[in-house]
Amino acid sequence: MAPGQKLYPRGTVKKIVKAHSNCNVSKNVDVTIFLDYVLFMQTLMKEAAIESKQGGERGITARSVRKVTEKTLAKFKG
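Bear in mind that the values here come from a model prediction, so they are computed numbers and not experimental data.

**Q** Even after reading the chapter, I still don't get the overall build of the protein, so can you show me in this structure?
**A** If you tally the helices and strands in the protein, you get three helices and zero strands. Taken from N to C terminus, the helices and strands of the protein fall in the order α-α-α. Its C-alpha atoms give the protein a radius of gyration of 16 Å, clearly above 12 Å, the size a compact globule of 78 residues would have. Referenced to the eigenvectors of the C-alpha coordinate spread, the extents of the protein come out at roughly 45 × 35 × 15 Å. Within the protein, buried positions represent 18% of all 78 residues.

**Q** Sorry if this is basic, but what is going on with the environment of Ala-49 here?
**A** Position of Ala-49 among the secondary structure elements: in helix α2 (residues 29-54). Residues Ala-49 and Ile-16 lie 33 residues apart in sequence; the distance between their C-alpha atoms is 32 Å.

**Q** I tried to follow the side chain of Glu-57 on my own but got confused; where do I start?
**A** Its location among the elements puts Glu-57 in the loop between α2 and α3 (62-76). Of note is the side chain of Glu-57, whose polar atom sits 2.4 Å from the side chain of Arg-63.

Quick notes on the rules
Residues numbered from 1 in each chain as written. Predicted model: local features only at pLDDT ≥ 70, side-chain atom pairs only at ≥ 80, totals over all residues. Heavy atoms only, no water. Helix = DSSP H or I, 4+ residues; strand = E, 2+ residues; numbered from the N terminus. Rg over C-alpha atoms; globule rule 2.2 N^0.38 Å. Buried < 20%, exposed > 50% of the residue type's maximum accessible area, 1.4 Å probe, protein only. Polar contact = N/O pair within 3.5 Å; in protein donor to acceptor, adjacent residues only side chain to side chain.

These values are about where atoms sit, not about what they do.
Structure representation (structure tokens):
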């Protein structure tokens, strides 16, 4: 990623969260949400890799991701 380039639009994320939650959001809520998302995706891919290896597949497939999605979502439910 080039210097000065943003990963996501901070203002847009804050507006979406505020609109859906109907309450005030803290200053850095967008950073927290983004980091949680990245951690979730990393965990999902690790679990899918384990599932695919146990299933004898060569790489991660959509089927292996679907199998572990519910379990991974349950870990991140807060």
